[in-house]
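Overview (structure and organization)
Letter by letter, the chains look like this.
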Amino acid sequence: EESKINQLYLFFFDEAGNYLESDENDRLFKGYMAPGQSVTSVNIPTSAFTGDNAEKAAMATVYALANVATEVVTDNDGFPDNFPKEGKDGKTPKQLFDEYLYDPSNYTSYSRDDITKLPQEGMPMVGKVNSIKLTEKGSLILQLKALMARIDVNISINSDHTDATKQLPRL
């Protein structure tokens, strides 16, 4: 369960930190993708990039997010509000992504009945590859890392209380 990908989100940035674009805009390729549930791979046609777009796609940075809370990737225009297409506050979308702190508001001690279970979306994960050439044929496998850790704590009460010498009883 900890390595299962329920929902994948892909981000493609050029060297300047902006979303990559294809020559035919949204038809062949989009700089942000949210494939359907349980989809773990996508195909990008190399013919989607020519001219200036090909130069930008020759040095791309690819990020993958998996199983994150929906508030991270909520979008109203086809791009996540946290990382809008035009950037915000003088920062590019890639800068916003790099500086983002994953701290979903629904992860509180009261949001789940059993803290030993994974969040409803699954184990949140992220992966990144720099300087990938999307203009050449090939395949890319992104290694994802968990955005949360599991810590098991075992607390017990021993009714046989003594001091450090183990000779005297104590309260």
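Here the structure is shown first, and the text comes after it.
Quick look at the structure, then. (Residues numbered from 1 in each chain as written. Predicted model: local features only at pLDDT ≥ 70, side-chain atom pairs only at ≥ 80, totals over all residues. Heavy atoms only, no water.)

1. A closer look at the pairing of strand β1 (residues 8-13)
- Within β1, 6 of the 6 residues are buried, which leaves the element mostly enclosed by the surrounding structure.
- Pairing analysis gives 2 bridges linking β1 to strand β2 (residues 32-33), with the strands arranged antiparallel. Counterpart to Leu10 in the pairing with β2 is Met33. (Buried < 20%, exposed > 50% of the residue type's maximum accessible area, 1.4 Å probe, protein only. Helix = DSSP H or I, 4+ residues; strand = E, 2+ residues; numbered from the N terminus. Pairing = 2+ DSSP bridges.)

2. Observations concerning the packing of aromatic side chains
- According to the stated counting rule, one finds 13 aromatic pairs in the structure shown.
- Note on Phe29 and Phe49: the rings are 5.0 Å apart at their centroids and 65 degrees apart in plane angle, and the pair reads as edge-to-face. With Phe29 in the loop between β1 and β2 and Phe49 in the loop between β2 and α1 (52-57), this pair connects stretches of sequence that are 20 residues apart.
- According to the relative accessible area criterion, Phe29 is buried, its value standing at 2%. (Phe/Tyr/Trp six-rings, centres within 6.5 Å; stacked < 30°, edge-to-face > 60°.)

3. Things to note about the side chain of Thr92
- One can find Thr92 in the loop between β3 (60-66) and α2 (93-99).
- Residue classification places Thr92 among the buried positions, given a relative accessible area of 18%.

4. Looking at a negative patch on the surface
- Residues Asp75, Asp77, Asp81 and Glu86 make up a contiguous surface patch of negative charge.
- Among the structural elements, Asp77 can be located in the loop between β3 and α2.
- Classification of Asp77 by relative accessible area gives partly exposed; the value is 47%. (Patch = residues over 30% accessible without salt bridge, like charges linked within 9 Å, V, L, I, M, F, W, Y side chains within 5 Å. Areas by Shrake-Rupley, 256 points an atom, 1.4 Å probe, with all protein chains shown as cover. Salt bridge = Lys/Arg side-chain N within 4 Å of Asp/Glu carboxyl O. Lys, Arg positive; Asp, Glu negative; His and termini not counted. Charge placed at Lys NZ, Arg CZ, Asp CG, Glu CD.)

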